[in-house]
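A look at the structure
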Amino acid sequence: MTGRGDRSTRRRDLLKAVGATTFATSVAGCSGLLGETDDQSGTPTGASTTAAPETDQSPSTDDTGDDTDQPAGDGATAGLDACPAGNAGGGEVVEIGGTYTEDTTLGADASEYLVTDSIDVENGAVLTVEPGTKLRFAQDTALAIRSDSALSAVGTCADPVVFTGDQATRGYWNGIFFEGADRVQSELTYSVVEYGGGDSFIFAPARANVVAIDGARLRIDSSTLRESDAYGLAYSGSVSVDSFEQNVLTANGDGAAFVSAATAHYLSDSSSYTGNDEDRVEIRGTDIGAEFEGTWDALDVPYRAVTGDNIVLNGELTIAPGTTVEFGQNVGFRVSEDGPGSLHAVGMDPETEAVRPITFTGAQQTRGYWKGIGIVGSDQTPSRFEHVVFEYGGGDDYIFQPGRANLSVWDGSRVSIANCTFRESDNYGFSFSGNARVDAFVQNTVTANGTAAGRVTAATAHVLSDTGTYTGNDDDYVRVRGDTIAGDDAVTWDAIDAPYRVHTGENVQVDGHLTVDPGATIEFGQGARMTVEENGPGRLTAVGIDRDTEESKPITFTGEQRTRGYWDGIAFRGSDRTENQLRNCVVEYGGGDDWIFAPARANVVVFEGSRVRIDGCTLRESDNYGFAFSGSATVDSFTTNTVTGNSSGAGLVSAATAHPLSDTGTYTGNDEDIVLVRGANIGSRQTVTWDAIDVPYRVHTDDNVEVNGHLTVDPGTTVEFGQGARMTVEEDGPGALTAVGESGNPITFTGEQQTAGYWDGIAFRGTARTENQLHWCVVEYGGRDDWIFAPGHGNVVVFEGSTLSLQNSTLRNGSGYGLAVSGDSTVSSSGNTFAANGAGAQN
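Residues numbered from 1 in each chain as written. Predicted model: local features only at pLDDT ≥ 70, side-chain atom pairs only at ≥ 80, totals over all residues. Heavy atoms only, no water.

Right, let's get into the overall build of the protein. Counting its regular elements, the protein contains two helices and 78 strands. The C-alpha atoms of the protein give 43 Å as radius of gyration, which overshoots the globular expectation for 843 residues (28 Å, by more than 25%). Buried positions account for 59% of the 843 residues belonging to the protein. The contacts in the protein between residues at least 6 apart in sequence include a share of 66% that link residues at least 24 apart. Surface exposure of the protein reaches about 29600 Å², of which carbon and sulfur atoms provide 40%. (Helix = DSSP H or I, 4+ residues; strand = E, 2+ residues; numbered from the N terminus. Rg over C-alpha atoms; globule rule 2.2 N^0.38 Å. Buried < 20%, exposed > 50% of the residue type's maximum accessible area, 1.4 Å probe, protein only. Contact = heavy atoms within 4.5 Å. Areas by Shrake-Rupley, 256 points an atom, 1.4 Å probe, with all protein chains shown as cover.)

This next bit is on the sheet that holds strand 56 (residues 634–639). Pairing is parallel in the open sheet, where six strands are placed in the order 41-44-47-50-53-56. Here the strands that pair on one side only, and so sit at the sheet edges, are strand 41 (490–493) and strand 56. Across this sheet, the average inter-strand angle for adjacent strands is 10°, counted without regard to direction. Across four bridges, the pairing between strand 44 (residues 513–516) and strand 47 (residues 539–543) is parallel. Residue pairing across strands places leucine 514 opposite leucine 540, the latter belonging to strand 47. (Pairing = 2+ DSSP bridges. Axes fitted to C-alpha atoms, helices over the stretch in contact; angles between N-to-C directions.)

Next up on the list: the sheet that holds strand 78 (residues 840–842). A sheet is described by the order of its strands in space; here seven strands give the open sequence 60-63-66-69-72-75-78, paired in parallel fashion. Taken across any chain shown, the strands that pair with only one partner, and hence form the sheet edges, are strand 60 (680–682) and strand 78. The average angle at which neighbouring strand axes cross in this sheet is 15°, direction not considered. Here two bridges tie strand 75 (residues 817–821) to strand 78, and the two strands are oriented parallel to one another. By the bridge assignment, tyrosine 817 is partnered in strand 78 with glycine 840.

Let us look at the side chain of glutamate 780. Secondary-structure assignment places glutamate 780 in strand 71 (residues 777–780). Among all residues touching glutamate 780, those that are not within four sequence positions of it are Thr748, Phe749, Thr750, Gly751, Trp759, Asn795 and Arg812.

All told, the structure shown has 25 aromatic pairs when counted by the stated rule. Judged by centre distance (4.0 Å) and plane angle (5°), the ring pair of phenylalanine 327 and tryptophan 370 falls under stacked. Of the two residues, phenylalanine 327 sits in strand 25 (residues 324–327) while tryptophan 370 sits in the loop between strand 28 (358–362) and strand 29 (372–376), which places them 43 residues apart along the sequence. Its relative accessible area of 0% is what places tryptophan 370 among the buried residues. Seen in terms of ring centroids, phenylalanine 638 and tyrosine 667 are 6.4 Å apart; in terms of plane orientation they differ by 25°. Their pairing is stacked. A residue pair is termed long-range when its members are at least 10 positions apart, and phenylalanine 638 in strand 56 and tyrosine 667 in the loop between strand 58 (649–654) and strand 59 (675–678) qualify at 29 residues. Here phenylalanine 638 falls in the buried class, since its relative accessible area comes to 1%. Ring pairs connect the aromatic residues Trp296, Tyr303, Phe327, Phe333, Phe360, Trp370, Phe385, Phe390, Phe422, Phe430, Phe432 and Phe441, which therefore count as one cluster. Just above the ring of tyrosine 398 sits the side chain of lysine 371; from NZ or CZ to the centre is 5.1 Å. Directly above the ring of tyrosine 477 sits arginine 501, whose terminal nitrogen or CZ lies 3.9 Å from the centroid. (Phe/Tyr/Trp six-rings, centres within 6.5 Å; stacked < 30°, edge-to-face > 60°. Lys NZ or Arg CZ within 6 Å of the ring centre and 35° of its normal.)

All right, on to the environment of aspartate 671 then. As for its position among the elements, aspartate 671 is in the loop between strand 58 and strand 59. Once the C-alpha coordinates of aspartate 671 and serine 610 are considered, the two residues, 61 residues apart in sequence, prove to be 28 Å apart. Setting aside its immediate chain neighbours within four residues, aspartate 671 contacts Arg564, Asn646 and Ser647. Here arginine 564 takes part through its side chain, which lies 2.8 Å from a polar atom of the side chain of aspartate 671. (Polar contact = N/O pair within 3.5 Å; in protein donor to acceptor, adjacent residues only side chain to side chain.)

Our next topic: the pairing of strand 26 (residues 332–335). In the sheet, strand 23 (residues 311–313) pairs with strand 26 via three bridges, with the strands oriented parallel. For isoleucine 311, the partnering residue across the bridge sits in strand 26 and is phenylalanine 333.

Omega for the bond connecting glycine 339 with proline 340 falls within 30 degrees of zero, at -10°, which places this linkage in the cis form. With respect to the helices and strands, proline 340 occurs in the loop between strand 26 and strand 27 (342–346). A cis amide bond links glycine 536 to the next residue, proline 537, at an omega of -10°. One non-glycine residue, glutamate 424, adopts positive backbone phi at about 60°. Turning to its location among the elements, glutamate 424 is positioned in the loop between strand 34 (421–423) and strand 35 (428–432). Here glutamate 424 falls in the partly exposed class, since its relative accessible area comes to 22%. A positive phi angle is found at alanine 836, which is not glycine, with a value near 60°. Here alanine 836 lies in the loop between strand 77 (833–835) and strand 78.

What follows is the structure in structure tokens.
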């Protein structure tokens, strides 16, 4: 295989040998002959040799503007003009044709030949055509160079070799056909091939002036391929082209050239491809082999991949800066794991650093016109895209593709993407699977795509950079499919300018460490959720304050639809890590469903021994509670939070986790303004305080707040008890209850319903602690049931050797006694009021 690198090396060597200026003049300008021609004769200005007059049978090659028999086309561009075909031929015309099996030279006995019957060069013969020689081909004839044979047509700029039709009509003859001629190199240099492309050769990829197939080897330099009825040039995937420099392909009917994906790299940017009826090089989709290493030059026309044929890259392909590749309908470009393939498209000149974007687009500027680029399983050599425009793709799926998009990366592939534009996809601008490896995704613009900016998984969302823009799409978000952030991963979700949107019913499972940057918004589809797991263990750090400026930039976790319970919420499950932190966050519209063993549905749930800090947050519009903490949770801080608009109440805690709630926050504006307390044990080593928050604590029906440690209740606190609920200060520990209110700011222990005997009351059982104090308290609507061995039921019961200081308190509306004290217990009492108790003030 001859790669693009071999051709570039030879060209550099030649430049060193003769000098860049000399080379450019001698090839492109032909010492002033190729670039300029006399308007009347077609003879190069300043030529020392004048061509013989053309015979009447010769086609006109005068390009003076006469439209007679001249198809559309503007001629050569980019500083290159066609070789002056009028300098060839003249004199006596010799008729030839048939099969050549021995070496033959044309031009020695005549300068012009009429080919009346197709020529076949076979059996290893070499056909040589000398400078200044013209071959005119009768209608439907051809020149075929078969296996082991060769054609040598080496002219000069002043005396080119010309292959033309007997009439100046596109498609008048079939063209030159190289079939498997690989033993001896064929060469067209300073040659003109025109008016061919009349009919297809067997197995040819397309009609053209020059066709090469089946392993043929050739070089074409400083030549002109024009006025074909189809293409100027056609290559199959198996040919080898040693050089293709300084050529002009112009005024052809279907386009400049038709090549396969495996041979497009032979086309040189030193040649010109414009002035055709359609200015393009058409590419037949095919597999590019694993051993391939080459470059598609930036031609002056687009490459166009033919409709229906996918390009499959198994080798290493580089796309030069400034290149445009158009794709036909439903055509794809797949970089495959076989090889594995690697695609490098960097739209910046490596020497000048001038930006010359590379464009991958649709042959029609219609969303979804082509599939897009898919990179699958290619993980050894990363594909690289910089200063690339991807547009009008996303039309159809590849197998196992994560989502239709202009660019999709999946199955472990590795890629780097910077300064690119993704636009006008019928679906997403980009899509990455969970095992894709995206080394960089920076300074990209993702806009005007049909479904959304992009699609990632929870495991690849961290690659998206806030240096890019993701807005202006039909729906501005990035879809996040549920996935696991692995235990070894420490990743950050940047605050991009569009929301992350977790797919309906799916879970972002955090086993590693996920940091969410200030200002980020994460939306959740219906039934979606985020869980921070014990595996790893997982950690979630979401701090909505700029680290440098300390500016407030809240992080928002919300529902895709602003409906209570639309998503399930955030759950910390078994993650006992100090990195778990929600600060200056908004968590809203969750509480849609339970987690197994969760204490309740809520926007934020902390259970199974998890640890978390929640400060300065807003928890609102849950279909149940704003927050829920189990008894095994550790909440290091819960300050300055706003908990409002939730349907069941501000929050649910256990008796062992009520103490983190701070009176620096607000808990009002919910459908029911309470914090529900589930019965639990305040452990013997715990010394905790229940702050006087702005809503009541409500102990759940029939539950018990069991105090084995030391519980302090702040002045102004209200604790409501559901039916049959109670508080017991126990000998284990022993427990202590200190509830010291203030005059005008009492502590209230009451029933959820203001009915005598609605709850059981407060019991001091076997705790002789001096810290047991009820001062400036109201205890009411208790006395529902007895404790075992209690002296009676009452609002306050003291027994089994307990002590209590009861001062300036009111015990009222109980169904039993206001105060019941056993003989072995001690109550220090003064300034108290007893009223409306069913069994009396005291027993």
